[in-house]
Amino acid sequence: MTSDKCDFLEGSQSTIGDMLTSNVSKSAGEENATGTDAGCGYVSVVFPITMMATGMVGNSLALVLVYTSYRRKENRRKKSFLLCIGSLALTDLFGQLLTSPIVISVYRADLRWERIDSSGNLCAFFGVCMTTFGLCALFMASAMAIERATAITNPHWYSNHMKTSVTKQTLVVIWCLVLLFALLPVAGVGKYTRQWPGTWCFISTGDREVPGNIFFSFTFALLGIFSLLVTVSCNVVTIRGLIIRCKTKSGTSQASKHWERLTTETVIQLMGIMCVLLVCWSPLLVLMLRMISTQVSSHECNSSAESSHPSSVRDIQLDCNFFLTAIRLASLNQILDPWVYLLLREILLRKFCLVANAVTNCSIEDQKETQTALDALNKQNKENLQKPQSSKGDF
């Protein structure tokens, strides 16, 4: 029954099943088999292949569009924005190109990491890439949010001090600081370990014996949460500033209508950015804090069969399934970034605004027709009231 449900694992399900059922009683073996069945849907090579293909397409399109737009633009502010978007797309693209092929190779090796990495160095490289590209994307999103909020709340200071060279320096600083932080386990502070189901490596959350491991994993989670809070706060400030400025420029002129349309598009885009970031990153960061506090790590799933308590095995397996789903959501952010920041603005936002304007215009026309009908009815009533008075005067 188990092999029928999980035949896409190319024979690896029997290995995992043996791990989870060894040294356990018959009743415990049934519990573990159930847990394995529940986890089979999480373990599939389809996920990394699909995510790598879609991520490459979206980020490549964004890079081409940024490159062609950057060569045409002469506005300094627009060039800074394009630099940030291009750097984010490049970061996401390299993050997928360096990690997804490794995951696919492990799947092809029947989920046995040691077949492709007997020394363990590839695991450290994988962990460094995951940490670097993940935090870089978050901090770049925060930098763009700060830039937008500054441009809206203090446009004079922004126009005088914000230059393209400042944007380049900021991006380089983000990359260097995040890379140095990601290399801490290589220097002996913290540790990267293989995570369930053995196809990827990331920060160990439950190993307190490793020097600085709790500090490293806890700092990663805090940095991610801090970046999310900065991005959301700055985007809220930007939305508020745009709405206030839109109200002050309201009118019937063509310029005011253009500003209203631009404000609507930007507000929708910023709300989409916030939703994507929160949905993709919050589960991983919150789950990491929980696993740090309970001293649980995802790599313990590989040895959970050694436990004599089936309920403990099931709880650990459930955490591992959640952790795998959370890291996939975080990786999904690399796919969605070019769309929410650049591509969807050109494709969907204008159509949304056209539909909204059409609905608004229809409602306005309905109001005008209703008001016209009411005016005609009132006029007719007045005429009817005046006719008896005139006939009475003739008598």
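Preceding this section is the structure that the text describes.
Residues numbered from 1 in each chain as written. Predicted model: local features only at pLDDT ≥ 70, side-chain atom pairs only at ≥ 80, totals over all residues. Heavy atoms only, no water.

K.L.:
What is the right way to read the state of the cysteines from this model?
P.N.:
Covalently bonding the sulfur atom of one cysteine to the sulfur atom of another cysteine gives a disulfide. Scanning the model with the defined rule gives one disulfide in all. A sulfur-sulfur separation of 2.1 Å characterises the disulfide bridge that pairs cysteine 123 with cysteine 201. For the disulfide bridge between cysteine 123 and cysteine 201, the dihedral angle about the S-S bond is near -120°, and by the sign convention the bridge is left-handed. One end of the pair, cysteine 123, is in helix α6 (residues 121-153); the other, cysteine 201, is in strand β2 (residues 200-203), with 78 residues separating them in the sequence. Summarising the burial analysis for this pair, cysteine 123 and cysteine 201 share the class buried. (Disulfide = S-S within 2.5 Å. Helix = DSSP H or I, 4+ residues; strand = E, 2+ residues; numbered from the N terminus. Buried < 20%, exposed > 50% of the residue type's maximum accessible area, 1.4 Å probe, protein only.)

K.L.:
Help me out: how do you make sense of the environment of leucine 284 in this one?
P.N.:
With respect to the secondary-structure elements, leucine 284 resides in helix α10 (residues 254-293). For leucine 284, a relative accessible area of 1% gives the class buried. With 42 residues separating them in the primary sequence, leucine 284 and alanine 326 have C-alpha atoms 4.8 Å apart. Residue contacts for leucine 284: discarding those within four places in its chain leaves Phe323, Ala326, Ile327 and Ala330. (Contact = heavy atoms within 4.5 Å.)

K.L.:
What am I meant to see in the packing of aromatic side chains here?
P.N.:
To describe a pair of aromatic rings, you give the distance between the ring centres and the angle between the ring planes. Tallied over the entire structure, the rule returns eight aromatic pairs. Note on phenylalanine 202 and phenylalanine 220: the rings are 5.5 Å apart at their centroids and 85° apart in plane angle, and the pair reads as edge-to-face. Taken as a pair, phenylalanine 202 in strand β2 and phenylalanine 220 in helix α9 (residues 213-248) lie far apart in primary sequence, 18 residues in all. Considered together, phenylalanine 202 and phenylalanine 220 belong to a single accessibility category, that of buried residues. (Phe/Tyr/Trp six-rings, centres within 6.5 Å; stacked < 30°, edge-to-face > 60°.)

K.L.:
How should I be thinking about unusual backbone geometry in this particular structure?
P.N.:
Phi is mostly negative for residues that are not glycine, and the peptide bonds are mostly trans. The residue after tryptophan 196, namely proline 197, is reached through a cis peptide bond having omega 5°. One can find proline 197 in the loop between β1 (192-195) and β2. At aspartate 110, a residue that is not glycine, the phi angle is positive and equals roughly 60°. Mapped onto the secondary structure, aspartate 110 falls in the loop between α5 (76-108) and α6. Assessed through its relative accessible area of 23%, aspartate 110 is described here as partly exposed.

K.L.:
In this structure, what is going on with the nonpolar core? I would like to understand it.
P.N.:
Grouped burial of nonpolar side chains is what soluble globular proteins tend to show. In terms of nonpolar packing, the biggest core is built from 73 residues, with Phe202, Phe220 and Trp281 touching the most fellow members. Among the elements of the structure, α4 (46-72), α5, α6, α8 (164-182), β2, α9, α10 and α11 (310-394) are those that each provide at least two residues to this core. Those residues in contact with phenylalanine 202, other than ones at most four positions away along the chain, are Met130, Thr131, Lys191, Tyr192, Thr193, Gln195, Phe220, Met288, Phe323 and Ile327. (Core = buried A, V, L, I, M, F, W, Y, C linked by side-chain atoms within 4.5 Å.)

K.L.:
I tried to follow the pattern of salt bridges on my own but got confused; where do I start?
P.N.:
For the structure shown, the criterion picks out two salt bridges. For arginine 115, the salt bridge is made with aspartate 110, and the minimal N-O distance between the two is 3.7 Å. The partly exposed category is assigned to arginine 115, whose relative accessible area is 48%. Put simply, glutamate 114 and arginine 194 hold a salt bridge, and the shortest N to O gap is 3.4 Å. (Salt bridge = Lys/Arg side-chain N within 4 Å of Asp/Glu carboxyl O.)

K.L.:
In this structure, what is going on with the pairing of β2? I would like to understand it.
P.N.:
For a regular strand, the rule is simple: side chains alternate between the two faces of the sheet. With four bridges joining them, β1 and β2 adopt antiparallel strand pairing. Among the inter-strand pairings, threonine 193 is bridged to a residue of β2, identified as phenylalanine 202. Between the end of β1 and the start of β2, which pair antiparallel, lie four residues, with glycine 198 showing a positive phi angle near 90°. (Pairing = 2+ DSSP bridges.)

K.L.:
Any chance you could explain a nonpolar patch on the surface here in plain terms?
P.N.:
Taken together, Leu90, Phe94, Leu98 and Phe125 make up a surface patch of nonpolar side chains, about 330 Å² in accessible area. In terms of residue count, α5 provides more of the nonpolar patch than any other element does, three residues in total. Here leucine 90 shows up in helix α5. (Patch = residues over 30% accessible without salt bridge, like charges linked within 9 Å, V, L, I, M, F, W, Y side chains within 5 Å. Areas by Shrake-Rupley, 256 points an atom, 1.4 Å probe, with all protein chains shown as cover.)

K.L.:
What exactly am I supposed to notice about α6 here?
P.N.:
For an α-helix, the turn length of 3.6 residues means that residues three or four places apart are oriented alike. Compared with an ideal rise of 1.5 Å per residue, which puts 33 residues at 48 Å, α6 spans 48 Å between its outermost C-alpha atoms and is within 8% of the ideal. With 26 of 33 residues buried, α6 is to be regarded as a mostly interior element. (Expected span 1.5 Å × (residues − 1).)

K.L.:
Would you mind going over the packing of α6 against α8 with me for this structure?
P.N.:
For the pair α6 and α8, interaxial distance at closest approach is 9 Å and the crossing angle is 145°. Remark: the crossing between α6 and α8 carries right-handed chirality. Where α6 abuts α8, its residues Val128, Thr131, Thr132, Phe133, Leu135, Cys136, Phe139, Met140 and Ala143 lie against Leu171, Ile174, Trp175, Val178, Leu179, Phe181 and Ala182. In terms of residue class, the contact of α6 with α8 is made up of 14 nonpolar, two polar and no charged. (Axes fitted to C-alpha atoms, helices over the stretch in contact; angles between N-to-C directions. Left-handed = near helix turned anticlockwise from the far one by under 90°. Nonpolar A, V, L, I, M, F, W, Y, C, P; charged D, E, K, R; others polar.)

K.L.:
I would appreciate a short explanation of the environment of isoleucine 49 in the present structure.
P.N.:
Position of isoleucine 49 among the secondary structure elements: in helix α4. Separated by 54 residues in sequence, isoleucine 49 and valine 103 have C-alpha atoms that sit 9.0 Å apart.

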